[in-house]
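Letter by letter, the chains look like this.
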Amino acid sequence: MPKYIDIHSHTNFKAFEEDGDEVIQRALDNGTWVINVGSQYSTSKRAVEIANKYETGVFACVGLHPIHLEEQFHDDEEIGGEGFTTRAEEFDKEAYRELLKDPKVVGIGECGLDYYHLNKDSVEKQKKAFIEQIELANEVNKPLMLHMRNNPTDKSLNVYDDVLEILKKYAKACPEGSGVKGVSHCFSGTAKDMKNFVDLGFYISFSGNVTYKHKAGFPDYEEIIKATPLDKILADTDSPYLAPVPHRGERNEPVYVKEIVKKIAEIKNLEEEIIAKSIVENAKRLFDI
Ligand SMILES: [Zn+2]
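This is a predicted model, so every value here is computed, not measured.

How would you sum up unusual backbone geometry? Please name residues and give values.
Between serine 239 and the following residue, proline 240, the backbone shows a cis peptide bond with an omega angle of 10 degrees. Its place among the elements puts proline 240 in the loop between strand E8 (233–235) and helix H9 (257–268). Phi is positive for cysteine 186, close to 45 degrees, though the residue is something other than glycine. Relative to the elements of secondary structure, cysteine 186 occurs in the loop between strand E6 (182–184) and helix H7 (191–199).

Lay out the packing of H9 against helix H10 (residues 272–287) with the relevant residues and their values.
Two quantities define a packed helix pair, namely the angle between the axes and the distance from one axis to the other. H10 packs onto H9 with a crossing angle of 115 degrees between their chain directions and a minimal axis gap of 8 Å. The chirality of how H9 crosses H10 is right-handed. Contacts between H9 and H10 pair Val261, Lys262, Ile264, Ala265 and Lys268 from the former with Glu272, Ile275, Ala276 and Ile279 from the latter. For the contact of H9 with H10, the residue count by class is 6 nonpolar, no polar and 3 charged.

Lay out helix H1 (residues 20–29) in plain terms, naming residues and giving numbers.
The periodicity of an α-helix, 3.6 residues per turn, causes residues three or four positions apart to be oriented the same way. Among the residues making up H1, those that are buried are Gly20, Val23, Ile24 and Ala27. Seen along its axis, H1 keeps its buried residues to an arc of 95 degrees; they face one direction. Turned more than 90 degrees from where H1 packs its buried face, Glu22 and Asp29 sit exposed. Packing partners of the buried residues in H1 comprise strand E2 (32–37), helix H2 (41–51) and strand E3 (58–62). Glycine 31 sits one or two residues past H1 and shows a positive phi near 70 degrees.

Kindly report on the nonpolar core, identifying the contributing residues and their values.
Among the nonpolar cores identified, the biggest contains 82 residues, and Cys61, Val62 and Ile279 are the most heavily contacted of them. Residues contacting valine 62, with those up to four places away along its chain left out, are Gly38, Ser44, Ala47, Val48, Tyr96, Leu99, Leu100, Val105 and Ile108.

How would you summarise the sheet that holds strand E7 (residues 203–206) if you had to cite specific residues and measurements?
If you trace the 8 strands from one edge of the open sheet to the other, you get E1-E2-E3-E4-E5-E6-E7-E8, paired in parallel fashion. Unpaired on one side and paired on the other, strand E1 (4–9) and E8 mark the two borders of the sheet. The mean inter-strand angle of the sheet, taken between neighbouring strand axes irrespective of direction, is 30 degrees. Where E3 and strand E4 (residues 105–114) come together, 3 bridges link them in parallel fashion. By the bridge assignment, cysteine 61 is partnered in E4 with glycine 107. H2 rests against E2, E3 and E4 of the sheet, and its axis sits at about 165 degrees to E3. Sitting on the sheet, H10 is in contact with E1, E3, E4, E6, E7 and E8, with an inclination near 95 degrees to E8.

Any chance you could break down the environment of glycine 20 for me, citing the residues and the numbers?
Considering the arrangement of structural elements, one finds glycine 20 in helix H1. For glycine 20 and glutamine 126, which are 106 residues apart along the polypeptide, the C-alpha to C-alpha distance reads 30 Å. If we ignore the near neighbours within four places in the chain, the residues touching glycine 20 are Thr11 and Ile50.

Quick rundown of the environment of proline 152? Include the residues and the values.
Tracing the sequence through the fold places proline 152 in the loop between strand E5 (144–149) and helix H6 (159–170). For the pair proline 152 and lysine 168, spaced 16 residues apart in sequence, the C-alpha separation works out to 26 Å.

So, H6: which residues are in play, and what are the values?
In a regular helix each residue adds 1.5 Å, so 12 residues correspond to 16 Å; H6 covers 16 Å between its end C-alpha atoms and thus fits that length. Restricting attention to buried positions, one finds in H6 the residues Val159, Tyr160, Val163, Leu164 and Leu167. Projected onto a plane normal to the axis of H6, the buried residues spread over an arc of 130 degrees and lie on a single side. Pointing more than 90 degrees away from the buried face of H6 are the exposed residues Glu165, Lys168 and Lys169. Buried positions along H6 lie against E4, E5 and H7.

Conventions and cut-offs
Residues numbered from 1 in each chain as written. Predicted model: local features only at pLDDT ≥ 70, side-chain atom pairs only at ≥ 80, totals over all residues. Helix = DSSP H or I, 4+ residues; strand = E, 2+ residues; numbered from the N terminus. Axes fitted to C-alpha atoms, helices over the stretch in contact; angles between N-to-C directions. Left-handed = near helix turned anticlockwise from the far one by under 90°. Contact = placed C-beta atoms within 7 Å. Nonpolar A, V, L, I, M, F, W, Y, C, P; charged D, E, K, R; others polar. Buried ≥ 20, exposed ≤ 12 C-beta atoms within 10 Å, placed from the backbone. Arc of directions from axis to C-beta. Core = buried A, V, L, I, M, F, W, Y, C linked by C-beta atoms within 7 Å. Pairing = 2+ DSSP bridges. Expected span 1.5 Å × (residues − 1).

Here it is in structure tokens:
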């Protein structure tokens, strides 16, 4: 049994090309298990390869992130290569089904909807790819690693409501309480959004931004974490992004998940060990590891 688990990390990304093995070893040496998450086919495959280098404690999720449906997407930290832009990828169910045969693959994603750069055509495309990934999750009975991001200015749409509506319609046995479940990683909705997901049986994972000083217009993590049931709380670093305080601004890595656990314990007014243990148990239950 590990002490911590980072349920959503990307040591499969370019940012860890030089020292990914050391980063994982550092996590394992500190009693931290890692789930690396794919954002498209290439990074999904890489996550599976990394997981297979280790006998225990390193796992993978495979899926297509909604921003990879757009041709203009580029992130140096993720795919590298100056001036290089990814092709728009269509969800190839058969290719991902093949990756899912590997016993180290514990979930599907990251998938979901991203309204950050909102354009109406892309929303339909995103919904289609998301539904296909839910169908695959139904087929192989694995949990969904959900990515949801609202638009910072246009508040006419709520990504959490739209994802819920799709889950209720397509995810097997939602909302009856059995069948496909998942987790909202890097949760940044409201307390009401949190409750809607918990009511449907989903887990809520908090990231480094819970350690940042609260600013108007951003989620009130104090309120949200207090209201989230302990048996539904998870933690993820989303490495290399969003490093928690006191590492804010640096490249993030899985071992820093303990700073997120510490903050959750502080808000819940409980011992850090209790939160850490509960998160590990929740992750083991959700991902069947
Ligand atoms: Zn991610």
